[in-house]
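Observations on chain architecture
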Amino acid sequence: MKASIVYRNIYFYRFVMNILYSMKYKNRFMEIIALLKEDEISILELCFGDTIIAQECKKRNISWIGFDINEYFVKNTKTQGFNAILADIISLPSFPKADVCIICGSLYHFVNDMDSLLCKMLNSSSKIIISEPIENLSTKKGFIGKISHILTNAGKGEENFRFDKTSIIETLNKYSQLHHFTYTTISIKRDILIEINHDRNQHCNSSL
């Protein structure tokens, strides 16, 4: 399924996202980068979209690999010399091993596949960073609501579900008990920023 126009031009995408984030779009990624430690030298980024984290990793000599279902974003990222792979991550049997796995602004896409996704992330990395919007701007009236609604089709069709603070915490509490991981809420703003810690040698099997 073809993505909406916002997802077919990286510059238009950044312009729209800057409007939604009050011209502080890059900050959401820099808050993630700030959580990386010096000995964490390999990053797996799921549904990466933009190249901000990849660019920061390059500056720090950190290995980066990214997966995205959007052919336009993957092509743009590859032209910059980054290791970007076109794939629907739910269809993959496993993810590459990495010190840190990152998913930013995309967890809501997988509400019906959460168990499988989390298991593959836990088996890949001992540290997982999740940054997820918890305000559904697409329900707002006016210009912001209209722009947000356009963003609902990233290539898999329009999706109405979004996490809020309560539902994402309930989801993490449920799966942390099932799969024996701990998590820390780093910050709660427009997005919630969460760090999961887990022994990846303790294999996770999808339970649902």
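Per chain, residue numbering runs from 1 following the sequence as it is written. Local features in this predicted model are restricted to residues whose pLDDT is 70 or higher, and side-chain atom pairs enter the listing and the counts only when it is 80 or higher, whereas totals over whole chains, interfaces and linings include all residues. Processing note: side-chain calculations cover all non-hydrogen atoms of the structure and skip hydrogens and water entirely.

A few points about the pairing of strand β2 (residues 63-68)
Every regular strand shows the same layout, with side chains that alternate between the two sheet faces. Exposure classes here rest on a 1.4 Å probe applied to the protein chains alone. A residue is buried below 20% of its type maximum, exposed above 50%, and partly exposed in between. Comment: elements are numbered from the N terminus, with helices defined as DSSP H or I runs of at least four residues and strands as E runs of at least two. In terms of burial, β2 is a largely internal element, five of the six residues being buried. Here, any two strands with at least 2 DSSP bridges between them count as paired. Both strand β1 (residues 42-46) and β2 contribute to a ladder of five bridges, which runs parallel. Each residue of the ladder has a partner; that of Ser42, found in β2, is Ser63. Once you follow β1 into helix α3 (residues 52-59) and on to β2, the crossover reads as right-handed. Two strands pair when backbone bridges link them, and β2 and strand β3 (residues 83-86) are joined in this way by four bridges, in the parallel orientation. Pairing of Ile65 across the sheet is with Asn83, part of β3. When the strands point away from the viewer and the connection leading from the first strand across the helix to the second strand turns clockwise, the crossover is called right-handed.

With respect to the nonpolar core
To define a nonpolar core, start from buried Ala, Val, Leu, Ile, Met, Phe, Trp, Tyr and Cys residues and group those joined through side-chain atoms within 4.5 Å. In terms of nonpolar packing, the biggest core is built from 63 residues, with Leu46, Leu117 and Met121 touching the most fellow members. A total of six residues in this core trace back to one element, the largest contributor, which is helix α5 (residues 114-124). Residue contacts for Leu117: discarding those within four places in its chain leaves Leu46, Ile89, Ile90, Phe95, Ile103, Leu107 and Phe110. Throughout, a contact is declared for two residues whenever any of their heavy atoms are within 4.5 Å.

Considerations on α3
Restricting attention to buried positions, one finds in α3 the residues Ile52, Ile53, Ala54, Glu56 and Cys57. Packing partners of the buried residues in α3 comprise α2 (25-33), β1, β2 and β4 (100-104). Directly after α3, the chain includes Asn61, whose backbone phi takes a positive value near 60°.

With respect to the pattern of salt bridges
Any Lys or Arg side-chain nitrogen found within 4 Å of a carboxyl oxygen on Asp or Glu counts as a salt bridge. Enumeration over the complete set of coordinates arrives at seven salt bridges. Taking the shortest distance from any N to any O, the salt bridge between Asp50 and Arg14 comes out at 2.7 Å. In this pair, Asp50 is assigned in the loop between β1 and α3 and Arg14 in helix α1 (residues 10-20), connecting sequence segments 36 residues apart. Of the charged contacts, one joins Lys127 and Glu40 as a salt bridge, the two residues approaching to 3.2 Å between their closest N and O atoms.

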